[in-house]
Amino acid sequence: MILIGIGIALLLVASVLAYVELFASISMPQPPSLESVLYVLTIVTYKVAFIAVIAWAGAILITRGLQAL
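About the criteria used
- Residues numbered from 1 in each chain as written.
- Predicted model: local features only at pLDDT ≥ 70, side-chain atom pairs only at ≥ 80, totals over all residues.
- Heavy atoms only, no water.
- Helix = DSSP H or I, 4+ residues; strand = E, 2+ residues; numbered from the N terminus.
- Rg over C-alpha atoms; globule rule 2.2 N^0.38 Å.
- Contact = heavy atoms within 4.5 Å.
- Areas by Shrake-Rupley, 256 points an atom, 1.4 Å probe, with all protein chains shown as cover.
- Expected span 1.5 Å × (residues − 1).
- Buried < 20%, exposed > 50% of the residue type's maximum accessible area, 1.4 Å probe, protein only.
- Arc of directions from axis to C-beta.
- Axes fitted to C-alpha atoms, helices over the stretch in contact; angles between N-to-C directions.
- Parallel < 35°, antiparallel > 145°, perpendicular 65-115°, else oblique.
- Left-handed = near helix turned anticlockwise from the far one by under 90°.
- Nonpolar A, V, L, I, M, F, W, Y, C, P; charged D, E, K, R; others polar.
- Patch = residues over 30% accessible without salt bridge, like charges linked within 9 Å, V, L, I, M, F, W, Y side chains within 5 Å.
- Salt bridge = Lys/Arg side-chain N within 4 Å of Asp/Glu carboxyl O.

Asker: It is not clear to me how the overall build of the protein chain should be interpreted in this structure. Could you clarify?
Answerer: Secondary structure assignment for the protein chain yields two helices and zero strands. A compact globule built from 69 residues should have a C-alpha radius of gyration of about 11 Å, whereas the protein chain, at 17 Å, is more than 25% larger. In terms of overall dimensions, the protein chain has C-alpha extents of about 55 × 20 × 10 Å along its principal axes. Residue pairs at least 24 apart in sequence account for 82% of intrachain contacts in the protein chain once pairs closer than 6 positions are excluded. Of the roughly 5,300 Å² of accessible surface on the protein chain, 77% is carried by carbon and sulfur atoms.

Asker: I tried to follow helix H1 (residues 2-23) on my own but got confused; where do I start?
Answerer: An α-helical turn contains 3.6 residues, so any two residues separated by three or four positions project in the same direction. Compared with the 32 Å implied by 1.5 Å per residue over 22 residues, the 32 Å span of H1 between its first and last C-alpha is a close match. Listing the buried residues of H1 in full gives Ile4, Gly7 and Ala14. Along the axis of H1, the buried residues cluster in a sector spanning 90 degrees; they form a single face. Residues of H1 that are exposed and angled more than 90 degrees away from the buried face: Ile2, Leu12, Val16, Tyr19 and Phe23. On its buried face, H1 is in contact with helix H2 (34-68).

Asker: How do you make sense of the packing of H1 against H2 when you look at a structure like this?
Answerer: When two helices pack together, their arrangement is given by the angle between the helix axes and by the axis-to-axis distance. Closest axis-to-axis distance for the H1/H2 pair is 7 Å, and the angle between their directions is 160 degrees. The angle between H1 and H2 falls in the class roughly antiparallel. The hand of the H1/H2 crossing is left-handed. Here the contact of H1 with H2 is composed, by residue class, of 18 nonpolar, three polar and three charged.

Asker: Where do I start with a nonpolar patch on the surface in this structure?
Answerer: A contiguous nonpolar patch, built from Val16, Tyr19, Val20, Leu22 and Phe23 and spanning about 580 Å² of accessible area, is present on the exposed surface. Looking at the element boundaries, valine 16 is found in helix H1.

Take a look at the structure:
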């Protein structure tokens, strides 16, 4: 039951982080150059990967918890 609870908590944290990042804006310097576009893509990729790893870990903990029942 503890693994299931931790897994659900991680999935909730990932959902909240994704929701917050959806409404947070990344300011691009003007005029948009190749460097600024690459910077924005790097930041977005990093954030998506971070949220995906949290959700993946939560899903694994829920699966292991259900198998242990």
